[in-house]
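Coordinate analysis (summary)
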Amino acid sequence: MGKLVFERPIIKKLSSGMPSKFGMKTKIDPIIEIDNNLVKDLLNEFGSPLFVISEKTMRKTYQKAKRSFSTRYPKVQFSWSYKTNYLDAVCRVFHQEGSWAEVVSGFEYDKAIRNGVSGDHIIFNGPDKSMEDLEKAVLNSSLIHIDHFDELYNLIELADKLDKVPKVAIRVNMDTGIYPQWDRFGFNYDNGEAWDALNRIMLSKKLDLVGLHTHIGTYILTASAYNKAASKLADLTSGLERKYGHIIKYIDMGGGFASKSTLKGAYLSGTDTAPSFDDYADAISSALINSSIKPENLPLLILETGRALIDDAGYILGTILANKRLADGRRATIADIGINLLFTSFWYEHNIVPAQPFSDHTEETAIYGPLCMNIDVLREAIDFPALKPGDHIVINRVGAYNMTQWMQFITMRPNVIMIDMEGKPFIIRKNETIETILAQEVVPAYLK
Ligand SMILES: *Cc1c(COP(=O)(O)O)cnc(C)c1O
């Protein structure tokens, strides 16, 4: 047995077995190792804080999602949502598993091309596609998902200029019972705008309408919303069949599946409330197979799920810098993980656990990041054991949106490593240094 940790004695009301304002006392399990690598060793080797991605968890999650859909529907294709995590190593793992790329900017488009994705396997979404972006996408036969009428007219103009027939889909927004409705992207189903766009495309004869797309929101906790959305897209599909004899090749249901992270203010943990891939797959596939689309014309089903595929595979490891007491006596712990690295802490109550064994005594604790900024709070209040400076903590389920929305602020962005299938860690994004930051700055000659 190792030396016991000294804890400064305090007086505290005992409430064992009774629910507190946090609910029943939850058991905290330390995360001591990730895929056979001790957290302590990883921090020693790669520095603190440190982002870690488990390739094993990524592949396992992907295969589970794939199975849920392909056992329920004949033709399924996943397309990796770049903005969720566009580190090349991450994208390449999903591409190896068979995912296409789903991008929402010229920058992401170029990244997908550099990752070896063929042009016709890139789905180009989003409201911001410049003429140059569109031209590149048309020449590469990429799948362009039209967001608004101005883009539609740009594409018709481009088709003439390039003497090519762009492959397009329209993004459709609709009432699915999820509010507020995401009606700022694409064409509305319920007020007839989607049909207006489809008719313009069909009558122009300049564009090849290959698909229909929707992305109803993110972290959608009700699978039935997808059933409504898929039914509405199926309705457009069979309408096109009837009106033009035109067959839609794919229906793209977007992303938005919830991960197991817990939303702020949620009463129950995300592990208990998030629907499973099976639930989403049931909702979507039953809408399509029970629709009036002719069986021989059933379209390919594309899914752009991001968060639900990568969140669980991501961890951030850090070190306790200090402990202190707030004016009201509450305990506060300062860690070296700032919210500039953890954008998702604005809407998640992240699971934060010690990386080494700890005593059973827990206390309400505020966990702060290292920034000299009042908003740098990882957890307002968590029932947490006492850790001492130099101890390590682990925050899991941070694979989605943090490594793209992070910012360089006060401190620099740390190393990101991936642990491969054999349990070997590799750096996949190097930590920033003062040199990498200054390389972008320019001082005018008169200030030199
Ligand atoms: C962001 C986005 C996704 C991925 O969403 P998740 O919530 O991460 O699953 C998919 N499609 C489009 C069009 C998006 O904008």
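Everything numeric in this text was worked out from a predicted model, so none of it was measured.

Another point: the packing of helix α2 (residues 55-70) against helix α3 (residues 88-96). The N-to-C vectors of α2 and α3 enclose an angle of 40 degrees; their axes lie 10 Å apart at closest approach. With respect to α3, the element α2 is oriented oblique. As for how α2 packs across α3, the hand of that crossing is right-handed. Together, E55, M58, R59 and Y62 of α2 and V90, V93, F94 and Q96 of α3 make up the contact between the two elements. For the contact of α2 with α3, the per-class residue count stands at five nonpolar, one polar and two charged.

Looking at where I417 falls in the secondary structure, it is placed in strand β19 (residues 416-419). By relative accessible area, I417 is classed as buried at 0%. Between the alpha carbons of I417 and N36 there is a distance of 14 Å; along the sequence they are 381 residues apart. Discounting residues that sit within four places of it in the chain, I417 has contacts with L42, F46, L50, F51, V52, I53, P425, F426, I427 and I428.

This part is about the pattern of salt bridges. A side chain of one charge can pair with a side chain of the opposite charge when the charged atoms of the two come close. Scanning the entire structure with this criterion turns up 19 salt bridges. Between R59 and E55 there is a salt bridge whose closest N-O contact spans 2.9 Å. Taken together, the positions of R59 and E55, both in helix α2 and four residues apart, correspond to about one turn of that helix. A residue is classified by how much of its surface remains accessible, and R59, at 12% relative accessible area, is buried. E55 gets classed as buried once you look at its relative accessible area, which sits at 10%. A salt bridge links K206 to D160; the nearest nitrogen and oxygen atoms lie 3.1 Å apart. In this pair, K206 sits in the loop between α7 (193-204) and β10 (208-213) while D160 sits in helix α6 (residues 149-162), placing the two residues 46 residues apart along the sequence. On the basis of relative accessible area, K206 is assigned to the partly exposed category, the value being 30%.

Moving on, we get to the site of the ligand. In the neighbourhood of the ligand, 16 residues make up the surrounding shell, with K83, T218, G256, E304 and Y401 lying closest. At 2.5 Å, a side-chain N or O of T218 approaches an oxygen atom of the ligand. Between the ligand and Y401, the relevant distance is 2.5 Å, taken from an oxygen atom to a side-chain nitrogen or oxygen of the residue. Protein chains shield 95% of the accessible area of the ligand, which is 390 Å² for the free molecule. In a pocket analysis with a 2 Å cut-off to the grid points, the ligand is assigned to the second largest pocket. Per-class residue counts for the shell around the ligand are one nonpolar, 10 polar and five charged.

With 21 residues, helix α8 (residues 224-244) should cover 30 Å at 1.5 Å per step; its first-to-last C-alpha distance of 30 Å lies within 8% of that length. One or two positions beyond α8, positive phi appears at G245, with a value near 65 degrees.

Next up on the list: the domain arrangement of the protein chain. How big an interface is tends to be stated in terms of the accessible area lost upon association of its parts. For the protein chain, the domain assignment lists domain 1 (33-53 + 312-433) and domain 2 (55-311). A straight line from the C-alpha centre of domain 1 to that of domain 2 covers 33 Å. With 24 residues of domain 1 at the contact, the number on the domain 2 side is 27 residues. Contact between domain 1 and domain 2 buries roughly 2,500 Å² in total, counting both sides, with carbon and sulfur atoms accounting for 57%. When the buried area of domain 1 at its contact with domain 2 is split by residue, Y348, Y401 and M421 rank highest and sum to 27% of it. Our enumeration of links across domain 1 and domain 2 arrives at 14 residue pairs in polar contact (both at pLDDT 80 or more). When residues of the side of domain 1 that touches domain 2 are assigned to their parent elements, the largest contribution, three residues, is made by β19. The residue makeup of the side of domain 1 that touches domain 2, split by class, is 14 nonpolar, four polar and six charged.

We now examine the side chain of N85. If you trace the backbone, N85 turns up in the loop between β4 (76-81) and α3. Take N85: its relative accessible area is 0%, and that puts it in the buried class. When sequence neighbours within four positions are dropped, the list of residues in contact with N85 reads I53, W80, V90, C91, I310, G399, M403 and T404.

Bringing a positive patch on the surface into the picture now. Taken together, K56, K60, K64 and K260 make up a surface patch of like positive charges. With respect to the secondary-structure elements, K260 resides in the loop between β11 (250-252) and α9 (270-273).

Within the largest apolar cluster, 123 residues are counted, with the highest numbers of intra-cluster contacts made by F69, I170, M253, I284 and L317. Of the residues forming this core, the biggest block, eight residues, is contributed by α8. When we break this core down by domain, the ones giving at least three residues each are domain 1 (33-53 + 312-433) and domain 2 (55-311). Among all residues touching F69, those that are not within four sequence positions of it are V76, F78, F257, F277, Y280, A281, I284, L301 and L303. Membership of the second largest hydrophobic core comes to eight residues, among which are I123, V210, L300 and I302.

About the cut-offs
- Residues numbered from 1 in each chain as written.
- Predicted model: local features only at pLDDT ≥ 70, side-chain atom pairs only at ≥ 80, totals over all residues.
- Heavy atoms only, no water.
- Axes fitted to C-alpha atoms, helices over the stretch in contact; angles between N-to-C directions.
- Helix = DSSP H or I, 4+ residues; strand = E, 2+ residues; numbered from the N terminus.
- Parallel < 35°, antiparallel > 145°, perpendicular 65-115°, else oblique.
- Left-handed = near helix turned anticlockwise from the far one by under 90°.
- Contact = heavy atoms within 4.5 Å.
- Nonpolar A, V, L, I, M, F, W, Y, C, P; charged D, E, K, R; others polar.
- Buried < 20%, exposed > 50% of the residue type's maximum accessible area, 1.4 Å probe, protein only.
- Salt bridge = Lys/Arg side-chain N within 4 Å of Asp/Glu carboxyl O.
- Near = heavy atom within 4 Å.
- Polar contact = N/O pair within 3.5 Å; in protein donor to acceptor, adjacent residues only side chain to side chain.
- Areas by Shrake-Rupley, 256 points an atom, 1.4 Å probe, with all protein chains shown as cover.
- 1 Å grid on protein atoms, 1.4 Å probe; cavity = no way out; pocket = protein on both sides within 12 Å on 5 of 7 lines; lining within 4 Å.
- Sits in = over half its atoms within 2 Å of the grid points.
- Expected span 1.5 Å × (residues − 1).
- Domains from an automatic or database assignment.
- Buried area = accessible area lost by both parts, 1.4 Å probe.
- Patch = residues over 30% accessible without salt bridge, like charges linked within 9 Å, V, L, I, M, F, W, Y side chains within 5 Å.
- Lys, Arg positive; Asp, Glu negative; His and termini not counted.
- Charge placed at Lys NZ, Arg CZ, Asp CG, Glu CD.
- Core = buried A, V, L, I, M, F, W, Y, C linked by side-chain atoms within 4.5 Å.

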